[in-house]
Amino acid sequence: MSFNFNFNLNETKKAIKLTNEDVIDLLVIGGGPAGLNAALYAKRKGLTTGIIAKRIGGQLLNTSSVDNYLGISQVSGEELSEKYLSHLKELDVGILEEVEVENIHKSDRLFEVLLKDGTVFTSKTLLIATGSSPRKLQVRGEEEYSNRGVAYCAICDAPLFKGKNVIIAGGGNSAVEAAIDVAKFASHVTLVHRSELRADQILIDHMNHQANITIHLQTQILEIIGDDKMTGVKVLDKQTLLERVIDADGIFIEIGNLPSNHLIKNLVSLNERGEVIVDEKNMTSLPGLFAAGDVTQMPYKQIVIAVADGAKAALAANEYMNQNF
Amino acid sequence: MQKMLNEEIQKQLRQVFSEMKEDVTMVLFTEEGECYSCAETMGLLEEVEELSDKIHLKKFDLNKDVEEAKKYNIEMTPSFVLLNSKGEYEGVKFNGIPAGHEINSFIPALIEMSGVKQEVPADFEARVAKIDKPVNIKVFVTLSCPHCPGAVQKAHVLAMLNKNIEGEMIEAQTFHDLSNRFNVSGVPKIVINDKIELVGNQPIEEFLAQIEAL
Ligand SMILES: Cc1cc2nc3c(=O)[nH]c(=O)nc-3n(C[C@H](O)[C@H](O)[C@H](O)COP(=O)(O)OP(=O)(O)OC[C@H]3O[C@@H](n4cnc5c(N)ncnc54)[C@H](O)[C@@H]3O)c2cc1C
């Protein structure tokens, strides 16, 4: 038996705490790739800036291995997040973590950001980089068996399904990655997807090499069933139109994400998918309010894209500041 | 056995431990025969003891040192608790090896037990001080869960603020039966006094609100 150690100095050495004494030039909400890079760029431009986030790292913390980031052939999502954070600490960027923004409003020329604990921050420009969160299947039984079989974080929860039968719902990169991760523990993994696979070929090849993974395409999940715990899913085979039950002790739902737009959905224009619409310089329909990363209409939700989007938004906010303040 | 902590981590830990104020004792319980990760947990704690003069280790056997085990309500192995410089138990317990991501709940617990306290708002501290019934917080984790150490740390911070509160990390794979009993299929899972269940890393506020409502 061997154990590794993911020691994280950042846990013991905290960043400078962001305070609300002064009006901030660019306040960033969200500590994922987009928000972190925006703060870096803003700081280097000489703006006063800071980050407010529930969890620094965002979705990176749910990613076991990042293999498509130029210059770093393989890194865990958490390690990458640590590298980002160390870089920000070198520049003394203020950070407020483990807090949730509840409400945002613009009064006159300034933005007011209200936290759940009642604290108010004021800023001249504001960047929304709140990313996205897992989409639910929205079938019967999903709520009922949530945490009694239904799970959403493969790297966290895979070890709990040691020796068990597990279903992965979805057909994109995160579903295929989850299948590979979970197959290391589970006795059998069944990937169920309503259409065709749309994951990267390199991942599909990897999955096909795994003897304990079965794939059912054109198969729609109708219901999650069980007694006091989940025991399986009822599916519809879309070719034969026959319903059947696949037995399983657990299911990981990896069917994509929904933009976390709730803070500003009444302030700005959204597209039909609920994504924030921004112009080519990342400004929303409300002047001075910018958005970047997964929360926007930007296609292809990827780390490298979110990072670049954050940089672009910060540079644009700087330009806006020069023109308007 | 090969060293558990590599040179790089040892170096970082020595530096982190240099900030410790008072002495801390780790009291470890293992048992003979079949015990998943007992040897590795002992190895880890021995290596950690080596990295600072302020850290001490006492080793016991669950079946032979029954009186000692009783003092800290130890019923499974491997388990260990941290004692402050006066040798008092403040409710900080680990069940299973704090490897993987859990090293990030273990190290801060050592630092804080030595007297380097985390800043908490005065009104929050006052509310915690008011808790006058026994509270047990179990935090189920896996070693590959990046969100879990945060939840364990909060349980430990609460424990250190009030003698009535005990906070324990439980590694779900090691204690498979216990995890099944509490239906753990997602981590972190927080169970307060074996009845209130919270899933996911919650704000410390939420821990306290649940405890106050007991
Ligand atoms: C399992 C998985 C694997 C992936 N693998 C890869 C990969 O290999 N390669 C790749 O390029 N991409 C990958 N991605 C996609 C990539 O992680 C995302 O595109 C990227 O993280 C988006 O960054 P973001 O900054 O826009 O948002 P996020 O990473 O979602 O960050 C959002 C931030 O906002 C905060 N937040 C949200 N609401 C609030 C609020 N109300 N108050 C305060 N803070 C708030 C969150 O705490 C978080 O800090 C993966 C995603 C997942 C889920």
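Rules behind the numbers
- Residues numbered from 1 in each chain as written.
- Chains lettered and ligands numbered in written order.
- Predicted model: local features only at pLDDT ≥ 70, side-chain atom pairs only at ≥ 80, totals over all residues.
- Heavy atoms only, no water.
- Helix = DSSP H or I, 4+ residues; strand = E, 2+ residues; numbered from the N terminus.
- Rg over C-alpha atoms; globule rule 2.2 N^0.38 Å.
- Buried < 20%, exposed > 50% of the residue type's maximum accessible area, 1.4 Å probe, protein only.
- Near = heavy atom within 4 Å.
- Polar contact = N/O pair within 3.5 Å; in protein donor to acceptor, adjacent residues only side chain to side chain.
- Areas by Shrake-Rupley, 256 points an atom, 1.4 Å probe, with all protein chains shown as cover.
- Nonpolar A, V, L, I, M, F, W, Y, C, P; charged D, E, K, R; others polar.
- Pairing = 2+ DSSP bridges.
- Disulfide = S-S within 2.5 Å.
- Patch = residues over 30% accessible without salt bridge, like charges linked within 9 Å, V, L, I, M, F, W, Y side chains within 5 Å.
- Salt bridge = Lys/Arg side-chain N within 4 Å of Asp/Glu carboxyl O.
- Lys, Arg positive; Asp, Glu negative; His and termini not counted.
- Charge placed at Lys NZ, Arg CZ, Asp CG, Glu CD.
- Core = buried A, V, L, I, M, F, W, Y, C linked by side-chain atoms within 4.5 Å.
- Contact = heavy atoms within 4.5 Å.
- Right-handed = clockwise from strand over helix to strand, strands pointing away.
- Axes fitted to C-alpha atoms, helices over the stretch in contact; angles between N-to-C directions.
- Parallel < 35°, antiparallel > 145°, perpendicular 65-115°, else oblique.
- Left-handed = near helix turned anticlockwise from the far one by under 90°.

Here we come to the overall build of chain B. Assigned secondary structure in chain B consists of 8 helices and 8 strands. Taken over C-alpha atoms, the radius of gyration comes to 16 Å for chain B, in line with the 17 Å a tight globule of 214 residues would show. Each principal axis of the C-alpha distribution contributes one length, and for chain B these read about 45 × 40 × 35 Å. Of all 214 residues assigned to chain B, the portion counted as buried reaches 60%.

This next bit is on the site of the ligand. Residues and elements named next belong to chain A. Neighbouring residues of the ligand: 30 residues in total, closest Arg55, Gln59, Asp294, Gln302 and Ile303. One nitrogen or oxygen atom from the main chain of Gly31 is found 2.9 Å from an oxygen atom belonging to the ligand. With respect to the ligand, the backbone of Ile303 contributes an N or O atom lying 2.8 Å from an oxygen atom. The fraction of the free accessible surface of the ligand (1,000 Å²) that becomes covered by protein chains is 91%. Elements with a minimum of two residues in the shell around the ligand: α2 (33-44) and α7 (303-324). For the shell around the ligand, the residue count by class is 10 nonpolar, 14 polar and 6 charged.

Residue and element names in this part refer to chain A. Across the sheet, which stays open at both edges, the 5 strands sit in the order β8-β15-β9-β10-β11 with parallel pairing between neighbours. Strands with a single pairing partner mark the edges of an open sheet, and in this sheet they are β8 (150-151) and β11 (213-216). Note that strand β9 (residues 165-169) and strand β10 (residues 188-192) share 5 bridges and pair parallel. Note that in β10 the partner of Val166 across the bridge is Val189.

Residue and element names in this part refer to chain B. Enumeration according to the criterion identifies 3 disulfides over all chains in this entry. Two residues, Cys35 and Cys38, share a disulfide whose sulfurs are 1.8 Å apart. Disulfide Cys35-Cys38: the torsion about the S-S bond is 65 degrees, which places it as right-handed. Note on Cys38: relative accessible area 6%, which makes it buried. Two residues, Cys145 and Cys148, share a disulfide whose sulfurs are 2.2 Å apart. Across the disulfide from Cys145 to Cys148, rotation about the S-S bond amounts to roughly 90 degrees, and the bridge is consequently right-handed. One exposure class covers both Cys145 and Cys148, and it is buried. Here chain B pairs its bonded cysteines, counted in sequence order, in the arrangement 1-2, 3-4.

Quick look at a positive patch on the surface now. All names here are of chain A. Where like charges cluster on the molecular surface, the positive patch consists of Arg135, Arg194, Arg198 and Lys238. Position of Arg194 among the secondary structure elements: in the loop between β10 and α6 (201-208). According to the relative accessible area criterion, Arg194 is exposed, its value standing at 54%.

Let's shift gears to the nonpolar core. Within the largest apolar cluster, 92 residues are counted, with the highest numbers of intra-cluster contacts made by Phe17, Leu82, Phe106, Ile107, Leu110 and Ile137 of chain B. Here Leu110 of chain B is in contact with Phe17, Met20, Val24, Met26, Val48, Ile55 and Leu82 of chain B, once residues within four sequence places are set aside. If you look at the next biggest cluster of nonpolar residues, it comprises 36 residues, including Ala38, Ala39, Ala42 and Leu60 of chain A.

Turning next to the pairing of strand β1 (residues 24-29) of chain A. All names here are of chain A. Burial runs high along β1: 6 of the 6 residues are buried. Direction of pairing for β1 relative to strand β6 (residues 120-128): parallel, over a ladder of 5 bridges. Bridge pairing in β6 places Leu27 opposite Leu126. Handedness of the β-α-β unit built from β1, α2 and strand β2 (residues 49-53) comes out right-handed.

Moving on, we come to the packing of helix α1 (residues 7-17) of chain B against helix α4 (residues 103-113) of chain B. All names here are of chain B. Close contact between α1 and α4 brings their axes to 11 Å; oriented N to C, the two are set at 25 degrees. Of the possible angle classes, the one that applies to α1 and α4 is roughly parallel. The two elements α1 and α4 meet at a crossing, and its hand is right-handed. Between α1, through Leu13, Val16 and Phe17, and α4, the contact on the second element is made entirely by Ile107, Leu110 and Ile111. Considered class by class, the residues forming the contact of α1 with α4 number 6 nonpolar, no polar and no charged.

A separate point is the sheet that holds strand β13 (residues 230-237) of chain A. Residue and element names in this part refer to chain A. Pairing is antiparallel in the open sheet, where 3 strands are placed in the order β12-β13-β14. At either margin of the open sheet sits one strand with a lone partner, and together these are β12 (219-226) and β14 (242-247). Each strand axis lies, on average, 25 degrees off the axis of its neighbour in the sheet, ignoring direction. Inspection of the sheet shows β12 paired to β13 by 7 bridges, in the antiparallel sense. Note that in β13 the partner of Gly226 across the bridge is Met230.

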